[in-house]
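Spelled out from the first residue to the last, the chains are:
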Amino acid sequence: MSKLLTNGCSLTWGSGLNPDTRVVDAYPYKLAKLLDAELIDLSKPGESCQYVVRTTIDFFLERLDEDLSEYIVILQLPDGNRFEYWDDDDKLKWRSVIPAHNDNKDLAIMFGSQKWNFYNTANNIMQIGNFLKDNNIRYYISTGGQDWTSGTYNEEISKDRKIKRRIEYIETNYSILGGSFSKSRLTQEVPNKDVYISKEDPHWSPHGHTVVANNIYRLIND
């Protein structure tokens, strides 16, 4: 049996789903069933790209003596303006920060720009992609569908030549699931009202998780 490792934030964890059935309603469980694979899910709500990269690398560093060809890794990278820091003063633990959800306006200004968001996401893709490639681990990365290049998302971003070059390099050299900086294929061809819990809550519904699991299964087998 193969092993499926998933990691991400609330979208992968299944925030908004019925707490009693969240695990089986979320796409990692449904995808593992489609792949007939053992599931290891490292996702946590409210986390950052840095969390996903750190915990995924830590997981495999402890298993370098195993046959890593058995693993399929699916990473849903959170919004790039999130970050984490090590808190020496409170039980020595990692703490996550989401500027968009933070009351500190200075923090939101410092880490909330779309250019910061893009470069943080891109750098994390390259870091985790290089690690997984170096260890011959099959992997796929999705950013959840941020449309960096449309021009409607951010005029400055869409016209930046350095950013365009980085996008082209990443999408050529890394296993990007459904497009990293173009609209995600994970939920395409399905009306939003059928994918998300509600207009107010953009987390995937049980049906939305089924759509995502089926689309990932199709994309990685194309």
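Details of the structure are given in the entry above.
This structure is a prediction, so every number in the text was calculated from the model and none was measured. (Residues numbered from 1 in each chain as written. Predicted model: local features only at pLDDT ≥ 70, side-chain atom pairs only at ≥ 80, totals over all residues. Heavy atoms only, no water.)

Student: Give me the overall build of the protein: which residues, what numbers.
Tutor: Counting its secondary structure elements, the protein contains ten helices and six strands. For the protein, buried positions account for 49% of its 222 residues. Within the protein, residue pairs in contact and separated by at least 24 positions form 73% of the contacts whose partners lie at least 6 positions apart. In the form shown here, the protein has an accessible surface area of approximately 11,600 Å², with 48% of it arising from carbon and sulfur atoms. (Helix = DSSP H or I, 4+ residues; strand = E, 2+ residues; numbered from the N terminus. Buried < 20%, exposed > 50% of the residue type's maximum accessible area, 1.4 Å probe, protein only. Contact = heavy atoms within 4.5 Å. Areas by Shrake-Rupley, 256 points an atom, 1.4 Å probe, with all protein chains shown as cover.)

Student: How would you explain the nonpolar core if you had to name every residue and give the values?
Tutor: Membership of the largest hydrophobic core comes to 29 residues, with the highest contact counts inside it found for Phe60, Val73, Ile128, Leu132 and Ile141. Of all the secondary-structure elements, those providing two or more residues to this core are helix H4 (49-61), strand S3 (71-76), helix H6 (114-134), strand S6 (138-142) and helix H8 (161-173). No other element matches H4, which puts seven residues into this core. Not counting the four nearest positions on each side in its chain, isoleucine 141 is found in contact with Leu75, Leu77, Ile125, Ile128, Ser175, Ile176 and Leu177. One finds Leu11, Leu35, Ile74 and Trp204 within the second-largest nonpolar core, a separate group that totals 19 residues. (Core = buried A, V, L, I, M, F, W, Y, C linked by side-chain atoms within 4.5 Å.)

Student: Quick one: what's the story with a nonpolar patch on the surface, residue by residue and with numbers?
Tutor: A surface patch of nonpolar side chains, about 230 Å² in accessible area, is lined by Val23, Val24 and Tyr29. Along the chain, the position of tyrosine 29 falls in helix H3 (residues 27-35). A relative accessible area of 31% places tyrosine 29 in the partly exposed class. (Patch = residues over 30% accessible without salt bridge, like charges linked within 9 Å, V, L, I, M, F, W, Y side chains within 5 Å. Salt bridge = Lys/Arg side-chain N within 4 Å of Asp/Glu carboxyl O.)

Student: A description of the side chain of lysine 3 should follow, citing residues and the corresponding values.
Tutor: Inspection of the secondary structure assignment puts lysine 3 in strand S1 (residues 2-7). Beyond its immediate chain neighbours, meaning those up to four positions away, lysine 3 contacts Ala37, Glu38, Ile40, Glu66, Glu70, Tyr71 and Ile72.

Student: Account for the sheet that holds S6, with residues named and values stated.
Tutor: Pairing in this open sheet of four strands is parallel, and the strands run S2-S1-S3-S6 from one edge to the other. In this open sheet, the two edge strands, each paired with only one partner strand, are strand S2 (37-41) and S6. Taken pair by pair, the neighbouring strands of this sheet meet at an average axis angle of 15°, ignoring direction. Looking at chain direction, S1 and S2 are connected through five bridges and run parallel. Note that in S2 the partner of leucine 4 across the bridge is leucine 39. In this fold H4 packs onto S1, S2 and S3, with an angle of close to 150° to the strand it touches most, S1. (Pairing = 2+ DSSP bridges. Axes fitted to C-alpha atoms, helices over the stretch in contact; angles between N-to-C directions.)

Student: Can you lay out the side chain of asparagine 7 for me, pointing to particular residues and giving the numbers?
Tutor: Along the chain, asparagine 7 turns up in strand S1. Reaching out from asparagine 7, the side chain makes a polar contact with the side chain of threonine 55 at a distance of 2.8 Å. Polar contacts involving the side chain of asparagine 7 include one to the side chain of threonine 56, which spans 3.0 Å. (Polar contact = N/O pair within 3.5 Å; in protein donor to acceptor, adjacent residues only side chain to side chain.)

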